[in-house]
Amino acid sequence: MISYCCKRILTAVPVLLGISLLAFILGVLSPGDPAEFVLNQDGLYAPSEEQLEAMREELGLNKPLWLRYGLWLMGVLQGDLGSSYITGRDIAAEIAQRLPVTLELAVLALLMAGVGGIFFGSICAVYRGSFFDNFVKNLTNIMLSIPGFWLALILILIFSEQLRWLPTSGTGSLKYFLLPAFVLAFATMATVCRFMRGALLTEFGRQYFLVAKVRGINKFNLLTRYALPNAIIPVIALLGNYFASVLGGSVIAESIFAIPGISSMALEAIRYRDYPVLQAYVLVSGCTLILVMVTVDLLIAYLNPKVKLGERS
Amino acid sequence: MKHFYKPLLLLLTTAVLLLGGCGVQQTASEQEKNITAENNAVVLAAGRNLAPGEKDGYYCSKILGVWEPLITKDENGLPKPCLATGWEMKDGGKEWIFHLRQGVQFHNGSPFNADAVIKNFERMKLGVKRSSFYGLDIKTFYPSLIRYEKIDDYTLKFLFAEPNVNQLYKMIDFGSPVYAPECFAPDGNFQGFAIGTGPYKITENVLNKYVRLTRSDTYYGTKAKVPEIVVRNIPNPDVRYAALKAGEILGVLDINAIPPFLAEEIKQDDRFAISTNKSTMIRFLALNGSRFPFNDVRMRQAVSLAIDRKDLVQALYLNYAEPTANLLNYTSPYYKDYPVEYDPEKARKLAREVLGGQRCEVVYCINGGEPLQKGEAELISYWLQIIGLDVTIQSLEYATMARQMRRGDYDIARVQQGLPNGDPYSIFYTFMMPDGSRNKISCLAYQNHEVAALLQEAKHCTDENKRRAIYDRLQLISIEDQPVVPLFNDRSIVAYSKRLKNYDALVYGVNLAEIELID
Amino acid sequence: MVTLNSAALDLVLHQLYVHFPVPGGLVRAVDGVDICFRHQQITGIIGESGCGKSVLGQAILGILPDYVARSGNIFYRSTDILADNTSLPGFYGQQIALIPQNPGDSLNPLRTIGRQFDDILQTAGFKDKTNQRKQQLLTFFGLPDAERVLAAYPHELSGGMLQRVLCAMSICCSPLWLLADEPTKGLDETACGVVYENLQKIKTSQSLGMLIITHDLQLARSICANIAVMYAGQIVEYGPQVLTGPRHPYTQAFLAALPENGFQPLPGLPPLPQDHLPGCRFAPRCPSCQKRCLQEVPPVYDSGTAKVRCFLYA
């Protein structure tokens, strides 16, 4: 297993190099002069040519491309992710401040989607064909069609404005994260629920399950010790992918609920062509993604003794 | 072999949860602080981060009342003393003497005097400081400055190579900020909070979340009424609105604090009120003067006459804006209120002269990020189609639009301009002189010898009446020639809970020192 | 047909019909079975694939799918277990147990053998913390290395070992009846030998009734006291000497087709699942077929020790 981890880390390095290079190239190719963005505050102020030139020098935009990338890479290897073009702040410090916030949001969303989806999916499978099952089936259809930002605003209207149970925005204790995590989770909750239901029904039809039933094992144990462990493995892979995507893509939740996480940082960086921030973001996202994937692989290998590390059932 | 997994897995998941949990820990204690302070602190919200912090040239916006400039402006936009109580202009504007206010202390107790101001200038000389408010560039605010010298503890002299008759205007607000020299780091950025002379001081700044202001009891003027103010950062306007209605905040402020539609709605709720004032923002259509059809002044005039600005402002902005065809914003003391013409017949006639009875296809670029612009573009296209222009609307990202404009790869573009200082010289220069920045980056290709001559005269003119006449003439030329087609002057709107008193909109922000809590 | 002297622990099947509704019509998997399986006797149910013996087993175990149409009764301990087997306490595991086919598929791949064993013991209220009981059973079936087996996952054991484990699991709660569903299906000769051995052990050590559904005649010959022959959903012959002295034409033809008897093939094919024949199912292929056979379903006649469903023995 140690060798597996080492192998994964080694293969991660060229991947991270590749995506950071890609981000760099995309940044360079896209229209927009960062010097202008730094100086002109959305069109309020028109900088002169000399001011622009001076800013370009300061930001190092006039250096040849390979040199810019090379310098950045060397900085990264020493732990320095550079400074933002727009604010001048140290990027590593900014990410260290923002990442835990996004992480908290993502973990909560994962719990909601995972626990909620698995729980309701199980109930639907066990009581297949019942009113509850049909109701949930229709409900998940609706849930998958609702756009996230609309849901966010409606929830704020109901729970913050009218009922005053939860705050509208910002960060703080757990209750600040409830609505945004729910907005992030609800579509995946629906997917996990249906997936779980299908996977469980498949297990119910398997030979070992029928044999176990005929042994007289009680229904609860049949569900939790026999069907569920077998059905849950693909769901875990699904949730792993989901968690990784939330870590990088919780933009809507973060911007509406005023949560300063790394996704909103990335959005601003894109808008203002803040290349160092973008490259750092791509790198950090890539790392977290790989970490999550390794964790999921280990988890699946632990749960399913038949699978060797590196394969997913 | 299996036994390795459990502990490693536990370790990994604990690591992930801990990292997230750390977030909970630190934010939980902040939350507690919020709760205890909330009871006697006034909480407001803004869409921008009003205290970007140490790497920002100004640390925070002037709105927060933390730092003060040497010269500020009054309700009419005229220069008013702040930390400088008086001034003299000599040598046709090449020499300026400023008298500083006495008996003023910075928040940390150190004295405000000529030495402190000089250290601020030395800091500015280190280089351009970027900021989300205005670029802090000594060359913009003090062009051709040779040197500055201390005459005595409360008098400073500035010497310029060229006459700077309107120097006062350049120094208004963001042009002459004064901070305690101790709060600067050697590289000119801040180390720690900004320390100024204003009615409020910063006691806590959590970046991108909120900034806490506490009343300064050593303020030389009228002390602030509210002892503690917290300004939160909520980027989404609908969420700000919800927070206001839910009672989480007592008011919203800064640019685009509340859009017109929501302002109308909140007026209907008895618990809330709104306040408006003029804004320095002017919204206009840039026309590509380097190619047909807008290289012909008649076509530009036709566009201006064809647009019913009153209708536009009423339909899309609910009259929270002032129609204008004047390049100069109405907050400038030199602003003259010229009538706005709407004459579709005349427009059609002029257009026919230029187009020769044919129709012409034009490209109209808008910023895709602003929701109302699409509707506005469609309305304007309707009017333009009447005079023979077939409009294709292109919704672009801001950077792409800027690039296309620079290349002259457009016909019409919807943009905006703020007023950096009350003196119209810079505005007219940037739009109407061939080497003016705005003129170049929008390919306006506007040239006018009379304008050049007038601006040259204004540069040296010390007679106030004559200056006014020059600027009147320049405004008229801008209306006649329409190098760009101004649409309307913006209005600043703020909204607040009636638990607050004196929450009045200024041209820029709200006077935080004036607001009171009624309880 | 319920005989008056049946002991309460017998399994009595009365007018049992199990029909599967399919798009084409109705598949009559079990089409009128009347039989009494005596307690403490070993009965083999033999027949070709598709004759309905597996469905019969499912009906007895009560694991028929919901959409299946069934009628008739299965009496056990004065209860109709076809209608409802929940009223009998400990029906599964203590009254009746199963030795399933395909040992590889019959165990939970994610749970160790020991844990699964414990689950089963738990249904009868047994707690075996020291693994003593399990060890005894496994050793009895030829797996002396019980610790290793109990700690292993199913995929880590060979097919033969799994077969032994399944046998151990089936009798661990001392059931009164045991159903073995095709225990030698797909196994090679040595593995078959293991199965024979295990079933013999069970026969000698426990006093229970056994039903062995199989088409392995050697197995049937070696341990079954009674044999029932099924064809097209019906039991055509039943008795202790079916294999030595077959009476029904089908049984005779069936035995004649064996390699040791000369491989004499039987003309024709068995009826398709959806076909509904008004008379004897075997009549179209029967060498002794009479006109009557095609029109009426022959009832069950006694003939010596056997019961035969054929007009020849009227």
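Because the structure is predicted, anything quoted here is derived from the model rather than measured.

Asker: Explain the UniProt feature "transmembrane region" (unreviewed entry) in chain A to me, please; I cannot follow it from the model alone.
Answerer: If you check UniProt for "transmembrane region" (unreviewed entry), the listed places come out as residues 9–29, 105–127, 139–159, 179–201, 222–244 and 282–303 of chain A in our numbering. The span residues 105–127 of chain A carries 96% helix and 0% strand; its end-to-end C-alpha distance comes to 32 Å.

Asker: How should the confidence of the model for chain A be read in this particular structure?
Answerer: Close inspection of predicted coordinates is inappropriate for parts of the model with low pLDDT. The predicted model of chain A has a mean per-residue pLDDT of 86, with 96% of residues at 70 or higher. At the level of individual helices and strands, chain A shows its lowest average pLDDT in helix α2 (residues 34–40) of chain A, which scores 76, and its highest in helix α6 (residues 131–145) of chain A, which scores 93.

Asker: Which parts of the structure should I look at to understand the UniProt feature "domain: ABC transmembrane type-1" (unreviewed entry) in chain A?
Answerer: According to UniProt, the positions carrying the feature "domain: ABC transmembrane type-1" (unreviewed entry) are residues 99–300 of chain A. Span residues 99–300 of chain A is 84% helix and 0% strand, its end C-alpha atoms 26 Å apart.

Asker: What's the story with the nonpolar core in this structure? I'm lost.
Answerer: Across soluble globular proteins, nonpolar side chains have a tendency to be buried as a group. Residues L64(B), A194(B), V252(B), V494(B) and A495(B) are the most contacted members of the largest nonpolar core, which totals 329 residues. Here this core gets 16 residues from one element, more than from any other, and that element is helix α8 (residues 175–204) of chain A. Formed jointly, this core draws a minimum of three residues from each of two domains, domain 1 (2–91) and domain 2 (95–303) of chain A. In this structure, L64(B) is in contact with L50(B), A51(B), Y200(B), V211(B), L213(B), V231(B) and L512(B), ignoring residues within four places of it in sequence.

Asker: Sorry, what's going on with the domain arrangement of chain A here?
Answerer: By a widespread convention, an interface's size corresponds to the accessible area lost as its parts come together. Residues and elements named next belong to chain A. Here chain A is partitioned into domain 1 (2–91) and domain 2 (95–303). The distance between the C-alpha centroids of domain 1 and domain 2 comes to 32 Å. Listed as interface residues are 22 residues of domain 1 and, on the opposing side, 16 residues of domain 2. Taken together, the elements giving at least two residues each to the side of domain 1 that touches domain 2 come down to α1 (2–29), α2 and α4 (65–77).

Asker: Would you take a moment to explain the interface of chain A and chain C for this structure?
Answerer: Taken residue by residue, the interface counts 19 residues in chain A and 20 residues in chain C. Counting residues per element, the ones that place at least two in the side of chain A that touches chain C are α9 (207–214) and α10 (219–249) of chain A. For the side of chain A that touches chain C, the element with the highest residue contribution is α9(A), accounting for 7 residues. Among the residues making up the side of chain A that touches chain C, the classes are represented as 10 nonpolar, 5 polar and 4 charged.

Asker: In this structure, what is going on with helix α10 (residues 372–386) of chain B? I would like to understand it.
Answerer: In an α-helix, one turn spans 3.6 residues, which is why side chains three or four residues apart end up on the same side. All names here are of chain B. Across its 15 residues, α10 extends 22 Å between first and last C-alpha, which sits within 8% of the 21 Å expected from 1.5 Å per residue. Among the residues of α10, those classed as buried are A377, I380, W383 and L384. Summarising the axial view, the buried residues of α10 lie within an arc of 125 degrees, below the 170-degree limit, and thus occupy one face. Looking at the buried side of α10, the elements it contacts are α7 (297–306), β16 (360–367), β17 (389–396) and β18 (412–417).

Asker: Even after reading the chapter, I still don't get the environment of T140(A), so can you show me in this structure?
Answerer: Residue and element names in this part refer to chain A. Within the secondary structure, T140 is located in helix α6. For T140, a count of 23 C-beta atoms within 10 Å gives the class buried. In sequence terms T140 and G172 are 32 residues apart; their C-alpha atoms lie 31 Å from each other. Setting aside chain neighbours within four positions, we find T140 in contact with A190, C193 and R194.

Asker: Mind showing me how you'd approach the pairing of strand β9 (residues 226–231) of chain C here?
Answerer: One face of the sheet, then the other: side chains in a regular strand alternate in exactly this way. Residue and element names in this part refer to chain C. Counted residue by residue, β9 has 6 buried out of 6 residues, so it is predominantly covered. The side-chain alternation of β9 yields two buried faces, one formed by N226, A228 and M230 and the other by I227, V229 and Y231. Sheet topology note: the β9/strand β10 (residues 234–239) ladder contains 5 bridges and is antiparallel. Counted as the bridge partner of M230 is I235 from β10. Here β9 folds back onto β10 in antiparallel fashion, the turn holding 2 residues, of which A232 has a positive phi close to 50 degrees.

Asker: So what exactly am I meant to see when it comes to helix α2 (residues 114–125) of chain B here?
Answerer: Residues and elements named next belong to chain B. Its 12 residues place the ends of α2 17 Å apart at the C-alpha level, agreeing with the 16 Å of an ideal helix rising 1.5 Å per residue. Taken as a whole, α2 has its buried residues at A114, A116, V117, R123 and M124. Those residues of α2 that are buried are in contact with β6 (95–100), α3 (138–141), β7 (145–152), β8 (155–160) and β9 (177–178). A positive backbone phi angle near 150 degrees is found at G127, which sits one or two residues after α2.

The rules behind the values
Just so you know, the residues in each chain are numbered from 1, in the order the chain's sequence is written. Following the order in which they are written, the chains are lettered starting with A and the ligands numbered starting with 1. The predicted origin of the model limits local features to residues at a pLDDT of at least 70 and limits the giving and counting of side-chain atom pairs to 80 or more, whereas totals for whole chains, interfaces and linings rest on all residues. UniProt positions are given in the numbering used here, feature names are shortened, and annotations may be inferred rather than shown by experiment. Helix and strand definitions here come from DSSP, where helices need a minimum of 4 consecutive H or I residues and strands a minimum of 2 consecutive E residues; each element is numbered from the N-terminal end. The predictor rates its confidence in each residue with pLDDT, a number between 0 and 100. The term nonpolar core refers to a set of buried Ala, Val, Leu, Ile, Met, Phe, Trp, Tyr and Cys residues connected through C-beta atoms within 7 Å. Residues are called buried when their C-beta atom has 20 or more other C-beta atoms within 10 Å, exposed when it has 12 or fewer, and partly exposed otherwise; all C-beta atoms are positioned from the backbone. These domain boundaries are the output of an automatic or database domain assignment. Note on contacts: each residue gets a C-beta atom placed from the backbone, and two residues are in contact if those atoms are within 7 Å. Think of it as three bins: nonpolar holds Ala, Val, Leu, Ile, Met, Phe, Trp, Tyr, Cys and Pro, charged holds Asp, Glu, Lys and Arg, and polar takes everything else, Gly as well. Given a helix with a known number of residues, its expected span is that number minus one, times 1.5 Å. An arc is given here, and it is the one of the directions from the helix axis to the C-beta atoms. Note on pairing: DSSP must find at least two bridges between two strands before they are called paired.

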